[in-house]
Amino acid sequence: MENLYEKVAYLRGLAEGLGINEDSKEGKLLLSIIDVLDEFADAINELDVKQAELEDVVDSIDEDLEKLEDEVYENYDEDYDDYYDEEEDEDLVEVTCPNCKVTFYLEEDEYLNEDEIECPNCNEIIYLDELEEELDDEEDDDEYEDEEDDENKKNK
């Protein structure tokens with residue numbers, strides 16, 4: 001910050017050395033610009049001081065939060081194993097929106113019982129039967145490519 005003050009002081013001294021005064025329109029403009037630059041330097045210095053204070057407060061909050069997390073979640077891993085049921089994840093179906101290409105998960109019952117759903121990202125309607133057809137086509141293409149790869153390996 002001192003560098004800004006030095007530069008503004010240099011400009012002020014340069015203006016005085018060149019004999020620029022408020023008698024002319026140009027002199028008035030240049031001196032006003034130098035005054036504004038001085039105010040900018042003050043404002044930036046103030047922001048820098050407040051930023052440093054804010055960083056200290058955030059660091060303090062972070063340390064306090066870390067201590068609190070250590071106390072609260074001390075036995076979290078053990079408790080988590082008691083409550084987590086891996087079978088719940090098996091009931092999810094991965095769906096990729098054909099419009100925005102975002103992947104999200106649906107419960108298997110919802111996927112099987114609904115004809116259409118709304119994408120949570122782009123809000124477009126996704127027709128699940130069309131999505132299944134695309135997946136089937138891709139699987140068929142993959143199988144065809146696998147067969148071609150097998151034939152190419154045999155020929156070599």
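Look up a bit, the structure's there.
Residues numbered from 1 in each chain as written. Predicted model: local features only at pLDDT ≥ 70, side-chain atom pairs only at ≥ 80, totals over all residues. Heavy atoms only, no water.

Caption draft 1: Representation of the overall build of the protein chain in the model. Scanning the protein chain from terminus to terminus reveals 6 helices and 4 strands. Along the chain direction, N to C, the helices and strands of the protein chain fall in the order α-α-α-α-β-β-α-β-β-α. Residues classed as buried in the protein chain amount to 11% of the 156 residues present. Here the contacts in the protein chain between residues at least 6 apart in sequence split such that 25% fall between residues at least 24 apart. Carbon and sulfur atoms form 45% of the exposed surface of the protein chain, whose accessible area is close to 13400 Å². (Helix = DSSP H or I, 4+ residues; strand = E, 2+ residues; numbered from the N terminus. Buried < 20%, exposed > 50% of the residue type's maximum accessible area, 1.4 Å probe, protein only. Contact = heavy atoms within 4.5 Å. Areas by Shrake-Rupley, 256 points an atom, 1.4 Å probe, with all protein chains shown as cover.)

Caption draft 2: Representation of the pairing of strand E2 (residues 103–107) in the model. The alternating pattern of E2 places Phe-104 and Leu-106 on a buried face, while none of Thr-103, Tyr-105 and Glu-107, on the opposite face, is buried. In terms of strand pairing, strand E1 (residues 92–96) meets E2 through 5 bridges, oriented antiparallel. Of the residues in E2, the one forming a bridge with Leu-92 is Glu-107. Adjacent in sequence and paired antiparallel, E1 and E2 are bridged by 6 residues, among which Lys-101 carries a positive phi angle near 65 degrees. (Pairing = 2+ DSSP bridges.)

Caption draft 3: Molecular detail of the nonpolar core. The biggest cluster of nonpolar side chains holds 11 residues, and these are Val-93, Val-95, Cys-97, Phe-104, Leu-106, Tyr-111, Ile-117, Cys-119, Ile-126, Leu-128 and Leu-131. Of all the elements in the fold, those that place two or more residues in this core are E1, E2 and helix H6 (128–155). With residues near it in sequence (within four places) discarded, Ile-117 still touches Val-95, Phe-104, Leu-106, Glu-110, Glu-124, Ile-125, Ile-126 and Leu-128. (Core = buried A, V, L, I, M, F, W, Y, C linked by side-chain atoms within 4.5 Å.)

Caption draft 4: Looking closely at unusual backbone geometry. With a phi angle near 65 degrees, Lys-101 is a residue other than glycine that sits in the positive phi range. By the secondary structure assignment, Lys-101 is in the loop between E1 and E2.

Caption draft 5: Layout of the pattern of salt bridges. For the structure shown, the criterion picks out 2 salt bridges. Note that Asp-35 is salt-bridged to Arg-12, the shortest N-O span being 3.1 Å. Pair noted here: Asp-35 is in helix H2 (residues 25–72) and Arg-12 is in helix H1 (residues 2–17), with a separation of 23 residues, a long-range link. Assessed through its relative accessible area of 35%, Asp-35 is described here as partly exposed. A salt bridge links Asp-38 to Arg-12; the nearest nitrogen and oxygen atoms lie 3.9 Å apart. With Asp-38 in helix H2 and Arg-12 in helix H1, this pair connects stretches of sequence that are 26 residues apart. (Salt bridge = Lys/Arg side-chain N within 4 Å of Asp/Glu carboxyl O.)

Caption draft 6: Geometry of the packing of H1 against H2. The contact between H1 and H2 brings their axes to 9 Å, and the two run at 165 degrees. One way to sum up the angle between H1 and H2 is to call them roughly antiparallel. Where H1 crosses over H2, the handedness of that crossing is left-handed. Note on element contacts: H2 touches H1 through Leu-31, Ile-34, Asp-35, Leu-37, Asp-38, Ala-41, Asp-42, Ile-44 and Asn-45, opposite Leu-4, Tyr-5, Val-8, Leu-11, Arg-12 and Ala-15. Broken down by class, the residue content of the contact of H1 with H2 amounts to 10 nonpolar, 1 polar and 4 charged. (Axes fitted to C-alpha atoms, helices over the stretch in contact; angles between N-to-C directions. Parallel < 35°, antiparallel > 145°, perpendicular 65-115°, else oblique. Left-handed = near helix turned anticlockwise from the far one by under 90°. Nonpolar A, V, L, I, M, F, W, Y, C, P; charged D, E, K, R; others polar.)

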